[in-house]
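Structural overview for review
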Amino acid sequence: MVKVVSHPSLAFVKYWGFIDERLFLPLNPSIAMNLDGFYTTVEVEPSDKDEFYLNGTRLGGKLEEKPRKLMEFMRERYGVGHYRVYSESNIPTGTGIASSSASMSALAAAVLWEEGIKLDTRELSTVARVGSGSAARSVPGNYSEWLYGETHEDSYARVVFPKDYWDLRVVTFIISKEHKKVSSWEGHKKAGDYNMVRVKEAWKNWWLARTALEKRDIEMLGRVIVDEMNGLMAVAISSDIIYFEPKTLEVLREVNSHRGDHLYPTMDAGPTVHVITTKEGEGIAKAIAEELGVEYVISRCGDGVRRV
Ligand code: PMV
């Protein structure tokens, strides 16, 4: 049995809203790093129907919508069979840690590799994208960008800088392990007119983030990261979705008072706060988490999807 591991992709510049719901083609390019502190492994076993297990528990209902969608796509395009899918993960699902980017990229790779179908990274990234948009970026991993494209083939992610190019650290504040009430899939669909303001900003921020990475300019990158978080949260609120928990706000206030120490917070579709920082800032972020009594995980930039 092939065993595959993948990490979640944390976006500096966010994907939110699509031009095609079946293929998950986004409205703007995005840029991200894989988090090596979190992982999902996937092993697949041929079966007469698809079944999904996460940490020993069978998934049902909404939790199996994304893997089912991906399996159907792979069946249609590559003629893959049915599988019993066993995943193990240390990522709390549905809390804003992009668990589906790790799980869908690992699922795509595990099934295709088990079938002996070897795609290049670009094509594998397009397939993973159909399970969960952000999974496109988990496939190449490292510091990656997901390019804007209006067809399935053109909407793919690639490495923009290797993980060793810059030793950034991410301290993830795990505020709650409860699954969010509105899934990111529904969130993308609910994004209304106000999202177009964010999309315009995101195009600009994509270039700024690329430049900041190239120059290893933490202040420049930090401004983009915070701007993108604020834009996403504003769009969510304008669609009646509130991801903040009281503890989220407490963490944000404290982290924001340490801007001079290069602590830059970001959030995805959930209450989790990720603080992107340098090696020096890591200890300060850690101390804040301990002071506020919040569980945390530290990551560096991680590899793309691979066999273990
Ligand atoms: O891949 P999805 O459908 O879970 O959407 C991810 C959306 C964000 O995490 C909020 C942003 C991003 O680019 O990862």
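Residues numbered from 1 in each chain as written. Predicted model: local features only at pLDDT ≥ 70, side-chain atom pairs only at ≥ 80, totals over all residues.

Structural notes on the domain arrangement of the protein
Our working definition: For the purposes of this description, domain bounds are those given by an automatic or database domain assignment. Any pair of residues counts as being in contact when their C-beta atoms, constructed from backbone geometry, are within 7 Å of one another. Going along the chain from the N terminus, every DSSP run of H or I of four or more residues is numbered as a helix, and every run of E of two or more is numbered as a strand. Throughout this entry, Asp, Glu, Lys and Arg are counted as charged residues, while Ala, Val, Leu, Ile, Met, Phe, Trp, Tyr, Cys and Pro are counted as nonpolar. The remaining residues, Gly among them, count as polar.
Each assigned domain of the protein is listed here: domain 1 (3-162) and domain 2 (169-299). Taking the mean C-alpha position of each, domain 1 and domain 2 sit 22 Å from one another. Facing 27 residues of domain 1, the contacting portion of domain 2 comprises 37 residues. For the side of domain 1 that touches domain 2, the secondary-structure elements that each account for two or more residues are β2 (9-13) and β11 (157-161). Top element by residues in the side of domain 1 that touches domain 2 is β2. It accounts for four residues. When the residues that make up the side of domain 1 that touches domain 2 are grouped by side-chain class, the tally is 17 nonpolar, seven polar and three charged.

Some points on the sheet that holds strand β15 (residues 295-299)
For clarity, the threshold we go by: Think of it this way: DSSP has to see at least two bridges between two strands before they count as a pair. Simply put, an axis is a line fit to the C-alpha atoms, just over the touching stretch for a helix, and the angle between two N-to-C directions goes from 0 to 180 degrees.
In space, the four strands of this open sheet follow the order β13-β14-β12-β15, with antiparallel pairing throughout. Both outer strands of the open sheet, β13 (264-266) and β15, are each paired with one neighbouring strand and no more. When strand polarity is set aside, the average angle formed by the axes of neighbouring strands in this sheet is 25°. Of the strand pairs in this sheet, strand β12 (residues 169-174) and β15 are connected by five bridges, and their pairing is antiparallel. Within β15, the residue paired with Phe173 across the bridge is Tyr296. Along the sheet, helix α8 (residues 246-256) contacts β12, β13 and β14 (273-277); its crossing angle with β14, the most-contacted strand, is approximately 15°. Running at roughly 10° to β12, helix α9 (residues 279-292) makes contact with β12, β14 and β15 of the sheet.

A word on the pairing of strand β6 (residues 40-47)
As defined by bridge partners, strand β1 (residues 3-6) adjoins β6 across four bridges and the pair is classed as antiparallel. Opposite Val5, over in β6, you have Thr41 as the bridge partner. Relative to strand β9 (residues 82-89), β6 runs antiparallel, the two sharing eight bridges. By the bridge assignment, Pro46 is partnered in β9 with Tyr83.

Regarding the packing of helix α6 (residues 194-215) against helix α7 (residues 218-238)
The test is simple: Each angle receives one of four descriptions, namely roughly parallel if under 35 degrees, roughly antiparallel if over 145, roughly perpendicular if within 65 to 115, and oblique otherwise. The handedness criterion is simple: a crossing whose near helix is rotated anticlockwise from the far helix by less than a right angle is left-handed, and one whose near helix is rotated clockwise is right-handed.
Where α6 meets α7, the axes come as close as 9 Å, and the angle between the chain directions of the two elements is 165°. With respect to α7, the element α6 is oriented roughly antiparallel. Of the two elements, α6 crosses α7, and the hand of that crossing is left-handed. Facing Tyr194, Asn195, Arg198, Glu201, Asn205, Leu208, Ala209, Ala212 and Leu213 of α6, the residues of α7 in contact are Met220, Leu221, Val224, Asp227, Glu228, Gly231, Leu232, Ala234, Val235 and Ser238. Its residues assigned to classes, the contact of α6 with α7 comprises 11 nonpolar, four polar and four charged.

Examining the sheet that holds β1
Strand order in the open sheet made by the six strands is β8-β7-β9-β6-β1-β16, with mixed pairing throughout. Because the sheet does not close on itself, it has two edges, and the strands there are β8 (57-58) and β16 (306-307). The sheet contact formed by strand β7 (residues 51-54) and β9 spans four bridges and is parallel. Its bridge partner being in β9, Phe52 is matched across the sheet by Val85. On the sheet, helix α2 (residues 99-114) packs against β1, β6, β9 and β16 and is oriented at approximately 40° with respect to β6.

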